[in-house]
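Inside the fold
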Amino acid sequence: MTSQNKDIDGGQIVLLASLLAAASLAFLIAWPAILDLSDKWINNEAYSHGFVLLLVAIFLGLQKLPGIPPTAMPSRWFLPLLTLSLLFILVARLSELHV
């Protein structure tokens, strides 16, 4: 058996760290909305179909994903700027500023 060594350069590590930080911040910022939606979907009969629609939307999105060819390389500034903007929103929420 042979093992293949794949070198990971510093740019890939920064990209992965930025992506993880942005995803974590987005999840933390969206958490109150997620709780509110799930509460409505569970307790309000008019919105009880929300979980089914969420699963259908995820399924349809995953079905289309392999057929979408990559069109362009994203800018290197995308993830750092996204992380910074999510950080600003988090600070605004914690300081109770309305954005």
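A brief structural summary. If you're wondering where the values come from, they're calculated on a predicted model, not measured in any experiment.

**Quick look at the overall build of the protein**
Across its full length, the protein carries 3 helices and 0 strands. For the protein, the sequential pattern of α-helices and β-strands runs α-α-α. Counting every position in the protein, which comprises 99 residues, the buried fraction comes to 10%. In the structure as shown, the protein presents an accessible area of about 9,000 Å², 70% of it carried by carbon and sulfur atoms.

**A short note on a nonpolar patch on the surface**
Together, W77, L81, L84, L87, F88 and V91 make up an exposed nonpolar region whose accessible area comes to about 650 Å². By the secondary structure assignment, V91 is in helix α3 (residues 78-94).

**A look at the packing of helix α1 (residues 10-43) against α3**
Relative to each other, α1 and α3 sit at 30°, their axes nearing to 9 Å. Relative to α3, the element α1 is oriented roughly parallel. For the element pair α1 and α3, the recorded crossing hand is left-handed. In this structure, α1 uses L15, S18, L19, A21, A22, L25, A26, I29 and P32 to contact α3, whose residues at the interface are L79, L82, T83, L86, L87, I89, L90 and R93. For the contact of α1 with α3, a count of residues per class yields 14 nonpolar, 2 polar and 1 charged.

Rules of the game
- Residues numbered from 1 in each chain as written.
- Predicted model: local features only at pLDDT ≥ 70, side-chain atom pairs only at ≥ 80, totals over all residues.
- Heavy atoms only, no water.
- Helix = DSSP H or I, 4+ residues; strand = E, 2+ residues; numbered from the N terminus.
- Buried < 20%, exposed > 50% of the residue type's maximum accessible area, 1.4 Å probe, protein only.
- Areas by Shrake-Rupley, 256 points an atom, 1.4 Å probe, with all protein chains shown as cover.
- Patch = residues over 30% accessible without salt bridge, like charges linked within 9 Å, V, L, I, M, F, W, Y side chains within 5 Å.
- Salt bridge = Lys/Arg side-chain N within 4 Å of Asp/Glu carboxyl O.
- Axes fitted to C-alpha atoms, helices over the stretch in contact; angles between N-to-C directions.
- Parallel < 35°, antiparallel > 145°, perpendicular 65-115°, else oblique.
- Left-handed = near helix turned anticlockwise from the far one by under 90°.
- Contact = heavy atoms within 4.5 Å.
- Nonpolar A, V, L, I, M, F, W, Y, C, P; charged D, E, K, R; others polar.

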